Amino acid sequence: MNILELTLFDAHKALTAGDFTVRQLVDACLENINTKNEDLNVFLHIHTDIDEQVVRAQSMIDAGEATELTGIPIALKANIMRTGQIANASSKILENYKATYDATVVERLEQQGVIFMGSTNMDEFAMGSSTENSAYGPTKNPHDTSRVPGGSSGGSAAAVASGMALVALGTDTGGSIRQPAALCGIVGSKTTYGAVSRHGAIAMGSSLDQIGPFTKTVQEAALLTEIMAGKDDFDMTSIDTDWKAPEQKTYKFLLANDGFDQVEPDVKDRCNALIEKIKNEGHTVDIQSVPSLQYGLPVYYISMPAEVSSNLARYDGIRYGERKDGDKLLATYLNSKSEGFGAESKRRIMLGTYILSKGYEDRLYTQAIALKEDMKAEAAKVFEQYDAIITPTTLAPAFKFGEKTDNPLDMYAEDLFTVSANIIGAPAISIPMGTVDRDGIAMPVGFHIMSNAGDDAKMFAIAASVEHLADNQ
Amino acid sequence: MLSREDIEHLATLARLELTEQEKEVFPKQLSDVVGFIKAVTEIETTDVARDFTNVNTMRDDVARTKDNAEERERIMGEMPEIEKDLLKVPKIL
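Presented here is an overview of the structure given in this document. None of the values given here were measured: they were computed from a predicted structure. (Residues numbered from 1 in each chain as written. Chains lettered and ligands numbered in written order. Predicted model: local features only at pLDDT ≥ 70, side-chain atom pairs only at ≥ 80, totals over all residues. Heavy atoms only, no water.)

### Focus: the overall build of chain A
- Helix and strand content of chain A: 15 helices and 11 strands.
- Here the C-alpha radius of gyration of chain A, 21 Å, is about what a compact globule of 473 residues would show, namely 23 Å.
- The long-range share in chain A, meaning contacts at least 24 apart out of those at least 6 apart in sequence, stands at 77%.
- Of the roughly 15600 Å² of accessible surface on chain A, a fraction of 47% belongs to carbon and sulfur atoms.
- Taking the average location of the 41 positive side-chain charges in chain A and that of its 64 negative ones, the two points are 4 Å from each other. (Helix = DSSP H or I, 4+ residues; strand = E, 2+ residues; numbered from the N terminus. Rg over C-alpha atoms; globule rule 2.2 N^0.38 Å. Contact = heavy atoms within 4.5 Å. Areas by Shrake-Rupley, 256 points an atom, 1.4 Å probe, with all protein chains shown as cover. Lys, Arg positive; Asp, Glu negative; His and termini not counted. Charge placed at Lys NZ, Arg CZ, Asp CG, Glu CD.)

### Things to note about the pairing of strand 5 (residues 187–190) of chain A
Residues and elements named next belong to chain A.
- Burial along strand 5 is two-sided: the face carrying Val 187 and Ser 189 and the face carrying Gly 188 and Lys 190 are both buried.
- Here two bridges tie strand 5 to strand 6 (residues 210–215), and the two strands are oriented antiparallel to one another. Pairing of Gly 188 across the sheet is with Phe 214, part of strand 6. (Buried < 20%, exposed > 50% of the residue type's maximum accessible area, 1.4 Å probe, protein only. Pairing = 2+ DSSP bridges.)

### Quick notes on the interface of chain A and chain B
- Facing the 53 residues of chain A at the interface are 46 residues of chain B.
- Summing both sides of the interface, chain A and chain B together bury roughly 4700 Å²; the carbon and sulfur share of this comes to 69%.
- Summed over the shared surface of chain A and chain B, the number is two salt bridges.
- Across the chain A-chain B interface, the total number found is 15 residue pairs in polar contact (both at pLDDT 80 or more).
- Among the secondary structure elements, those contributing two or more residues to the side of chain A that touches chain B are helix 9 (296–311), helix 10 (329–340), helix 11 (343–355), helix 12 (361–385) and helix 13 (408–412) of chain A.
- Taken together, the residues that form the side of chain A that touches chain B break down as 31 nonpolar, 11 polar and 11 charged. (Buried area = accessible area lost by both parts, 1.4 Å probe. Salt bridge = Lys/Arg side-chain N within 4 Å of Asp/Glu carboxyl O. Polar contact = N/O pair within 3.5 Å; in protein donor to acceptor, adjacent residues only side chain to side chain. Nonpolar A, V, L, I, M, F, W, Y, C, P; charged D, E, K, R; others polar.)

### Quick word on the sheet that holds strand 7 (residues 252–256) of chain A
Residues and elements named next belong to chain A.
- The strand order across the open sheet built from 11 strands is 1-3-2-4-6-5-10-11-9-7-8, with neighbouring strands paired in mixed fashion. Looking at the sheet topology across the chains shown, the edges are occupied by strand 1 (43–46) and strand 8 (284–288). When the angles between neighbouring strand axes are averaged without regard to direction, this sheet yields 30°.
- As paired elements, strand 10 (residues 428–438) and strand 11 (residues 441–450) share nine bridges and run antiparallel to each other. Counterpart to Pro 432 in the pairing with strand 11 is Gly 446.
- Of the strands in this sheet, strand 2 (73–77), strand 4 (167–172), strand 5, strand 6 and strand 10 touch helix 7 (residues 218–228), which is tilted by about 145° from strand 6. (Axes fitted to C-alpha atoms, helices over the stretch in contact; angles between N-to-C directions.)

### Let's talk about the packing of aromatic side chains
All names here are of chain A.
- All told, the structure shown has eight aromatic pairs over all chains when counted by the stated rule.
- Taking 5.6 Å as the distance between ring centres and 45° as the angle between the ring planes, the aromatic pair formed by Tyr 97 and Tyr 320 counts as tilted. Taken together, the residues span a long stretch of sequence, with Tyr 97 in the loop between strand 2 and helix 4 (104–111) and Tyr 320 in the loop between helix 9 and helix 10 at a distance of 223 residues.
- Its relative accessible area of 11% is what places Tyr 97 among the buried residues.
- For Tyr 320, a relative accessible area of 24% gives the class partly exposed.
- Taken together through their ring pairs, the aromatic side chains of Tyr 97, Phe 125, Tyr 315, Tyr 320 and Phe 341 make up a single cluster. (Phe/Tyr/Trp six-rings, centres within 6.5 Å; stacked < 30°, edge-to-face > 60°.)

### Here's the deal with the packing of helix 1 (residues 4–13) of chain B against helix 2 (residues 20–38) of chain B
Residue and element names in this part refer to chain B.
- Packing of helix 1 against helix 2 leaves a shortest axis separation of 9 Å and a crossing angle of 105°. Comparing their axes, helix 2 and helix 1 come out roughly perpendicular. The residues of helix 2 that touch helix 1, namely those facing Arg 4, Ile 7 and Glu 8, are Glu 20, Lys 23, Glu 24, Phe 26, Pro 27 and Leu 30.
- When its residues are assigned to classes, the contact of helix 1 with helix 2 shows four nonpolar, no polar and five charged. (Parallel < 35°, antiparallel > 145°, perpendicular 65-115°, else oblique.)

### Points about the nonpolar core
All names here are of chain A.
- Among the nonpolar cores identified, the biggest contains 107 residues, and Phe 125, Phe 447 and Ile 449 are the most heavily contacted of them.
- When residues of this core are assigned to their parent elements, the largest contribution, eight residues, is made by helix 9.
- Every residue in contact with Phe 447, bar those within four places of it in the chain, is listed here: Cys 271, Leu 274, Ile 275, Ile 278, Ile 390, Thr 391, Thr 393, Ile 429, Ser 430, Ile 431 and Met 433. (Core = buried A, V, L, I, M, F, W, Y, C linked by side-chain atoms within 4.5 Å.)

### Things to note about the pairing of strand 4 of chain A
All names here are of chain A.
- Most of strand 4 is tucked away, with six of its six residues classed as buried.
- The alternating pattern of strand 4 places Val 167, Leu 169 and Thr 171 on one face and Ala 168, Gly 170 and Asp 172 on the opposite face, and all of these are buried.
- The pairing of strand 2 with strand 4 spans three bridges and is parallel. By the bridge assignment for strand 4, Ile 74 is matched with Val 167.
- When strand 4 meets strand 6, the two strands line up antiparallel, connected through five bridges. Note that in strand 6 the partner of Leu 169 across the bridge is Pro 213.

Pasting the structure below:
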């Protein structure tokens, strides 16, 4: 069977009809892992209890208790905890750390009988846009192995794009699901802030982080999200969301053209071609600047490092993780952190320390929080008139390894169009927008749709109504 | 512009030790980022945005694990060093 041509709905039908068994489905994924993982470096660890999971899922199906997710092989980003399995966030400091509890999303999916295949590679502590910041080597893009898969959830995106799993989970703090989804040619989404519990996701920027799915189609992403979503007592920022999409056949889109001049010409062409098709379906597309969206990236690089410097302070080698002993306590801290963290983690910890230091906190952090509120207010006004703000997901397709590693600001620009959704807490999704030619290889690019906070169901409905248009390009 | 000394000071505050190579490249890299984010310090924000405050959400602190002994064992298993039934930490003084 070809995993790359199988949606979870196809698999569910085949599993319940007895066309194939859970074992056969899982083996087909394992076969792809065996043949491709050494080259692509997608999985860091295969979970140790796959056989038990397969038996349980098959018995659910045999007993007629299957849900649409029963027996579906799923990959987990290495910063999402599953009891007893290594969750090291691609960092040396957590190299052999085994999760001591289940993330809420893991618990909710386990009830459905999914098959957790393993933990995928990522930028260390989810900081990066290429997986080049992983302590365990980068993941390669399945479409062209000389190029990055995007990041930080690059391993999860590549897992789905190479058929090592049917679907995957990632985390998105500034674009870490949507950007790799775009660069690997699949669907990736994040919810309204709080709609999915963060309990059990290793924290990076807590006011921005969200867990979300990677899939081949919008409907699969919507289903996974709905199963994972909902208030959770272990995450006090979690909320209940209304999953009923409004009865609406046509939508009003706003192409926010801020930064559009930086988009590479053939990516712009793809975007404009899709917009034409969207208009032909009876939807409305206006073009206009939303000036405050331009604050997104600088605001992100103030509030995110500030939160990173607090969240990563817990890794000191004392209670868990890798301890590198020194002659005094301070030396133990220094040794553990210095050997445990890579360069980007160090940069962001120091940047956060700078931002929160005396004299700067008010000018930078407080200013960023105020700008965030003004961005929310401007977006709310846009969403009174429009159902969604659209842009390409990225300026360009996947770049080559090493192209942006020496210049952090270049790398940070990867999140230009995705980051505002995290700042204002809005739901957003990247869907495939066709391909552009790079060195004779068709490289995928993505189309980004952001809706108003709380309108998750509507965002999925909008994306589902236009995804087939992009497929035909 | 952040100097090499500024970077070393920040590293001390953050309890990090930098390699020689990091001390070479971090001043420029971090200065670039600081220059980039400082661009927003001059933007006028509204009073509403300035007055924004977060609200605490509380719940009772109740243990809800399925199996306390098993979870305890897992947590102990992740500790770098244990003696008897306790986490062993380096001497503070």
